[in-house]
Amino acid sequence: MIERPRGTRDLDPAYLARHSFVESAFRRAAESFGYRQMLPPTFEPLELFHAKAGPGIEQEMYAFKDKAGRDLVLRPEFTAGVLRYYVNELRNAPKPIKLYSLGPVFRYEEPQHGRYREFWQFNCEILGGTPLDADAETTALAVLSVRAAGARRVETRIGHIGMLRAYLTVPKEVQGRILHALDKRDFPKLHQELDKAGQLDAEATLRDVIALRGGPEILKQASDLLGGVGGEAFEHLMRLSDRLPAYGIREGVIFDMGIIRGLAYYTGMVFQIHAPTLGAEDQIGGGGSYALAELFGGEPIFSTGFAIGMDRVVLASGAEGVAVPPPKLDAYVVPIGDAIRGKAFEITANLRGTGLKVDIDLVGRGPSKNLDYANAMGARWAVLVGDKELAKGNVALRNMETGEQREVAVAELASVLGMDKPLMGGVEFH
Ligand code: HAM
């Protein structure tokens, strides 16, 4: 037996039914906001992420050499690839540019429930635009797409990394290491880094600031603790949260000065969406504004975006009991006897052409074995094609749930099968 690589999954039809539901909710949400889809490659040059993603992601990358000795990496996220594409191909396109991507990403992490080495992200970026409008659009789309995908018991926590960066007047790499220690709540490491940087005075303040979480009052408290540094940041957050009701977002949003984020490129507003139903790995999405274009040879441009962990949304919507119809066949066609097989395939082709999901016996089983198979596949109907009925232009139609059987004209089959087809759940934002 050959085992799957650690941290990977075989996604089965039932899981994928829910995954597809979430995916289609995300696509519709992004497109309703005017985003267009783009997909960077699954593997990228190592240098795209090296020294840009930050120490957290850097240690988790699937890096390898190809046969020509090139250093490559399986993408650990989309943002850097999207920005590389923007700088190389879209620099002169009308702004703002709104792009979404959806697909698997790879991180060498310690696997557990909700944490995998191959997982799916729904990623959205806005390049250009004014900070307030673009940040509000970004945050709103993140919240609304999670809602549309059926995860409603969530909390959005908004913070600002810019205020901590403004406070920590140390070289960028040192700042990166200090922020990483703060993000991990690794206080011995924080102490060590601040000591090395001669900034031990800041330790108590930093620890107090990142513990602040709540309503607008904490912005004033954070500003006081930081000695007035970051006033603009707090003003920005106030205006951002005042904007969200215009999108229909009136609850479930708090300020949290402890949102640091695992990636190094953030410079301004940062946020995370948490689903308490998920336990330890409860972060279902996150993002913020960042600076990357200039690292890839472009002009600085206001950039803001987010990614949602699709697997975690699948788990969260399941935990909330959101019903997703399991994948079912509409009909299974059973040819009775060899002579009419050609006709049975023709009937099948006509039904498939109407958009119904239809399968047909491919192994030449007898009728009763075929009905067992139809049952195992969850077919709603079995269509029995036999000489006797065909002579009258009919087939026998069997309801697989009740076992009732009746004759139906071949010409009417599609409309009879389509009539009681269950509708997929609609997608609603509110
Ligand atoms: P991130 O926070 O690293 O952000 O990842 C986004 C989401 O991916 C997380 O909130 C989580 O739901 C999911 N995720 C992360 N690691 C795993 C894992 N091992 N297994 C399952 N799900 C996971 C980014 O990737 C940024 N590029 C977001 C962004 C876009 N910022 C600006 N634009």
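Note that residues are indexed from 1 along each chain, following the sequence as it is written. For a predicted model such as this one, the threshold for reporting local features is a pLDDT of at least 70, and the threshold for listing and counting side-chain atom pairs is 80 or more; totals across whole chains, interfaces and linings nevertheless cover every residue. Each side-chain value is derived from all of the structure's non-hydrogen atoms; neither hydrogens nor water enter the calculation.

(A) Structural detail: the overall build of the protein. Here a helix means four or more residues in a row that DSSP labels H or I, a strand means two or more in a row labelled E, and each is numbered from the N terminus. When you go through the protein residue by residue, the secondary structure sums to 15 helices and 17 strands. Structurally, the protein occupies a C-alpha span of about 90 × 55 × 45 Å along its principal axes. Contacts were defined at the residue level, with two residues in contact if any of their heavy atoms lie within 4.5 Å. Look at the contacts in the protein between residues 6 or more apart in sequence, and 69% of them connect residues 24 or more apart. When the accessible surface of the protein is totalled, it reaches about 20300 Å², and 52% of it is carbon and sulfur. Every accessible area reported is derived by Shrake-Rupley at a probe size of 1.4 Å, with residue values counting cover from the shown protein chains alone.

(B) Representation of the site of the ligand within the structure. Residues are labelled near a given molecule or strand when at least one of their non-hydrogen atoms is within 4 Å of it. Near the ligand you find 27 residues, and of these Glu 77, Thr 79, Glu 109, Tyr 266 and Gln 283 are the closest. A 3.5 Å cut-off defines polar contacts: any pair of N or O atoms within that distance qualifies, except that in protein one atom must be a possible hydrogen donor and the other a possible acceptor, and neighbouring residues in sequence count only when both atoms are side-chain atoms. Taking Arg 107, its side chain carries an N or O atom lying 3.0 Å from an oxygen atom of the ligand. One of the side-chain nitrogen or oxygen atoms of Arg 312 is found 3.5 Å away from a nitrogen atom of the ligand. Computed on the free molecule, the ligand has an accessible area of 660 Å², of which 96% lies beneath the protein chains in the complex. The element contributing the most residues to the shell around the ligand is strand E11 (residues 283–290), with 7 residues.

(C) Fine view of the packing of helix H1 (residues 13–32) against helix H4 (residues 131–148). With their axes 8 Å apart at the nearest point, H1 and H4 run at an angle of 145 degrees to one another. In this structure, the crossing between H1 and H4 has a hand that is right-handed. Counting all contacts with H1, which are made through Ala 25, Phe 26, Ala 29 and Ala 30, the residues of H4 involved are Leu 141, Ser 145, Val 146 and Ala 148. A breakdown of the residues in the contact of H1 with H4 according to their chemical character gives 7 nonpolar, 1 polar and no charged. Comment: axis = line fitted to C-alpha atoms, over the contacting stretch for helices; angle = value between 0 and 180 degrees taken between N-to-C directions. Put simply, a crossing is left-handed when the front helix is turned counterclockwise from the back one by less than a right angle, and right-handed when it is turned clockwise. Each residue receives one of three labels: charged for Asp, Glu, Lys and Arg, nonpolar for Ala, Val, Leu, Ile, Met, Phe, Trp, Tyr, Cys and Pro, and polar for the others, Gly being one of them.

(D) Geometry of the side chain of Arg 107. Relative to the elements of secondary structure, Arg 107 occurs in the loop between strand E5 (97–106) and strand E6 (118–127). The cut-offs for exposure are 20% and 50% of the maximum accessible area for each residue type, with area from a 1.4 Å probe on protein chains only; residues under the lower value are buried, those over the upper are exposed, and the others partly exposed. His is not counted here, nor are the chain ends, while Lys and Arg score as positive and Asp and Glu score as negative. Salt bridges are identified by distance alone: a Lys or Arg side-chain nitrogen within 4 Å of an Asp or Glu carboxyl oxygen. There is no salt bridge for the buried Arg 107, and the closest opposite charge comes from Glu 109, which lies 4.7 Å off by N-O distance. From its side chain, Arg 107 meets the backbone oxygen of Pro 76 in a polar contact 2.8 Å long.

(E) Structural view of the pairing of strand E12 (residues 303–309). Counted residue by residue, E12 has 7 buried out of 7 residues, so it is predominantly covered. One requirement defines pairing of two strands: DSSP has to find at least two bridges between them. By the bridge criterion, 7 bridges tie E6 to E12 in an arrangement that is antiparallel. By the bridge assignment for E12, Leu 127 is matched with Ser 303. For E11 and E12, the ladder comprises 6 bridges, and the chain directions are antiparallel. Directly across from Tyr 290, in E12, lies its bridge partner Ser 303.

(F) A look at the sheet that holds strand E10 (residues 266–274). Ordered by their spatial adjacency, 9 strands build an open sheet running E1-E5-E6-E12-E11-E10-E7-E9-E8, and the pairing between neighbours is mixed. Strand pairing shows two members of the sheet lacking a second neighbour, strand E1 (36–37) and strand E8 (213–214), which therefore form its edges.

(G) Layout of the pairing of strand E13 (residues 331–335). Judged by how many residues are buried, E13 sits mostly within the fold: 5 of 5 residues are covered. Residues Ala 331, Val 333 and Pro 335 line one face of E13 and the alternating positions Tyr 332 and Val 334 line the opposite face, and both faces are buried. Strand direction decides the pairing type here: E13 and strand E14 (residues 358–360), joined by 3 bridges, are parallel. Note that in E14 the partner of Ala 331 across the bridge is Val 358. In this structure, E13 lies alongside strand E15 (residues 381–385), joined through 5 bridges in parallel fashion. Residue pairing in the sheet places Ala 331 in a bridge with Trp 381 of E15.

(H) Focus on the packing of H1 against helix H11 (residues 310–319). One can describe the packing of H1 onto H11 by two numbers: an axis separation of 10 Å at closest approach and a directional angle of 110 degrees. In this view, H1 runs roughly perpendicular relative to H11, as classed from their interaxial angle. The residues of H11 that touch H1, namely those facing Tyr 15, Arg 18, His 19, Val 22, Glu 23 and Phe 26, are Met 310, Asp 311, Val 313, Val 314, Ser 317 and Gly 318. Here the residues of the contact of H1 with H11 are counted per class, giving 6 nonpolar, 3 polar and 3 charged. Roughly parallel means an angle under 35 degrees; roughly antiparallel, over 145; roughly perpendicular, 65 to 115; everything else is oblique.

(I) Here's a closer look at the domain arrangement of the protein. For the purposes of this description, domain bounds are those given by an automatic or database domain assignment. Partitioning the protein into structural domains gives domain 1 (13–319) and domain 2 (331–420). For domain 1 and domain 2, the distance between their C-alpha centres works out to 51 Å.

(J) Highlighting the sheet that holds E14. The mixed open sheet is built from 5 strands, whose spatial order is E14-E13-E15-E16-E17. At either margin of the open sheet sits one strand with a lone partner, and together these are E14 and strand E17 (405–409). Between one strand and the next, the sheet's axes are offset by a mean angle of 30 degrees, whatever the strand orientation. Pairing analysis gives 4 bridges linking E15 to strand E16 (residues 394–399), with the strands arranged antiparallel. The partner of Ala 382 across the bridge, within E16, is Arg 398. The strands touched by helix H12 (residues 341–353) within the sheet are E13, E14, E15 and E16, with E14 carrying the most contacts at an inclination of about 165 degrees. Lying on the sheet, helix H13 (residues 367–376) is in contact with E13, E15 and E16; it crosses E13 at an angle near 170 degrees.

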